[in-house]
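Structural features, examined
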Amino acid sequence: MNVKKPLTAALLSLGLFSSCLGPNRLINKLYDWNMTATDDKWQNEGIFAVFNIVPLYPLAWIGDIVVFNSIEWWGGASVFDKQQSKAVKTDATDKADTKKKKK
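Below you will find a few notes about this structure. In this text the structure is predicted, and so the values were computed from the model without any measurement.

The next point concerns the pattern of salt bridges. For the coordinates displayed, the defined rule picks out 1 salt bridge. As a salt-bridge pair, Glu 72 and Arg 25 come within 3.3 Å of each other at their nearest N and O atoms. Taken together, the positions of Glu 72 in helix α4 (residues 56–75) and Arg 25 in helix α2 (residues 25–36) put the pair 47 residues apart, joining distant regions of the chain.

Turning to the packing of helix α3 (residues 41–53) against α4, a few remarks are in order. Interaxial distance between α3 and α4 falls to 4 Å at its minimum, and their mutual angle equals 65°. In terms of axis orientation, α3 runs roughly perpendicular to α4. Of α4, the residues touching α3 (which contributes Phe 48, Phe 51 and Asn 52) are Leu 56, Tyr 57 and Pro 58. Partitioning the contact of α3 with α4 into residue classes produces 5 nonpolar, 1 polar and no charged.

On the secondary structure map, Leu 30 appears in helix α2. Spatially, the C-alpha atom of Leu 30 lies 9.8 Å from that of Phe 48, the residues being 18 residues apart in sequence. Setting aside chain neighbours within four positions, we find Leu 30 in contact with Phe 51, Leu 56, Tyr 57 and Ala 60.

Turning next to a nonpolar patch on the surface. Residues Trp 61, Ile 62, Ile 65, Val 66, Val 67, Ile 71 and Val 79 make up a contiguous nonpolar surface patch of roughly 580 Å² in combined accessible area. It is α4 that contributes the most residues to the nonpolar patch, 6 residues altogether. Along the chain, the position of Val 66 falls in helix α4.

Taken as a whole and assessed by the stated rule, the structure comprises 5 aromatic pairs. Consider the rings of Tyr 31 and Phe 48, whose centres lie 6.5 Å apart with planes at 35°: the pair is tilted. Within this pair, whereas Tyr 31 is found in helix α2, its partner Phe 48 is found in helix α3, the two being separated by 17 residues in sequence. By relative accessible area, which is 35% here, Tyr 31 ends up partly exposed.

For the rest of this paragraph, the subject is unusual backbone geometry. With the exception of glycine, most residues fall at negative phi, and the peptide bonds are largely trans. Note that the residue after Val 54, namely Pro 55, is joined by a cis bond; omega there is 0°. Here Asn 24, not a glycine, exhibits a phi torsion of approximately 50°, which is positive. With respect to the helices, strands and loops of the structure, Asn 24 is situated in the loop between α1 (4–13) and α2.

Each value, and the rule that gives it
- Per-chain numbering applies: the sequence of each chain, read as written, is numbered from 1 onward.
- In keeping with the predicted nature of the model, local features appear solely for residues at pLDDT of at least 70, side-chain atom pairs appear and are counted solely at 80 or more, and the whole-chain, interface and lining totals rest on all residues.
- Each side-chain value is worked out from all heavy atoms of the structure, with water and hydrogens disregarded.
- One side-chain nitrogen of Lys or Arg within 4 Å of one carboxyl oxygen of Asp or Glu is enough to make a salt bridge.
- A run of H or I in DSSP counts as a helix once it spans at least four residues, and a run of E counts as a strand once it spans at least two, with each numbered from the N terminus.
- All axes here are fitted lines through C-alpha atoms, helices being fitted over the stretch that makes contact, and every angle between N-to-C directions spans 0 to 180 degrees.
- Reported orientations rely on four angle classes, namely roughly parallel under 35 degrees, roughly antiparallel over 145, roughly perpendicular from 65 to 115, and oblique for the rest.
- The criterion used for residue contact is that any of the two residues' heavy atoms lie within 4.5 Å.
- In the scheme used here, Gly and all other residues not listed as nonpolar or charged are polar, with Ala, Val, Leu, Ile, Met, Phe, Trp, Tyr, Cys and Pro taken as nonpolar and Asp, Glu, Lys and Arg as charged.
- Each patch is built from residues that are more than 30% exposed by relative accessible area and take part in no salt bridge. Like charges join if they lie within 9 Å; nonpolar side chains (Val, Leu, Ile, Met, Phe, Trp, Tyr) join within 5 Å.
- In these tables, accessible area is a Shrake-Rupley quantity obtained with a 1.4 Å probe, and a residue counts as shielded only by the protein chains included in the view.
- Under the pairing criterion, centres of Phe, Tyr and Trp rings, with the six-membered ring standing for Trp, must be within 6.5 Å; the plane angle then separates stacked pairs below 30 degrees from edge-to-face pairs above 60, leaving the rest tilted.
- A 1.4 Å probe rolled over the protein chains alone gives each residue an accessible area, and that area as a share of the maximum for its type sets the label: buried under 20%, exposed over 50%, partly exposed in between.

So this is what it looks like as structure tokens:
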């Protein structure tokens, strides 16, 4: 009896059933921007349609899956968190400077 083929198939199928999903931050940022790009929902829908036709959304999704989620998984830190933490530090510094100037 050839056990190698069923065993190989079982091992390869483990990746399909692991349910390891990443945060997909790039595509979520793009969706969030699209929802607030204009005040009109129909213009936002037009942007959504164009980004699917061009194919910006599919490329962002593939980039998330292949590149950014892998970086976060193997490196332990998100590329997007570093940019957000710099922005938060800058905002906190600006607020502290503003308080000092008011005194």
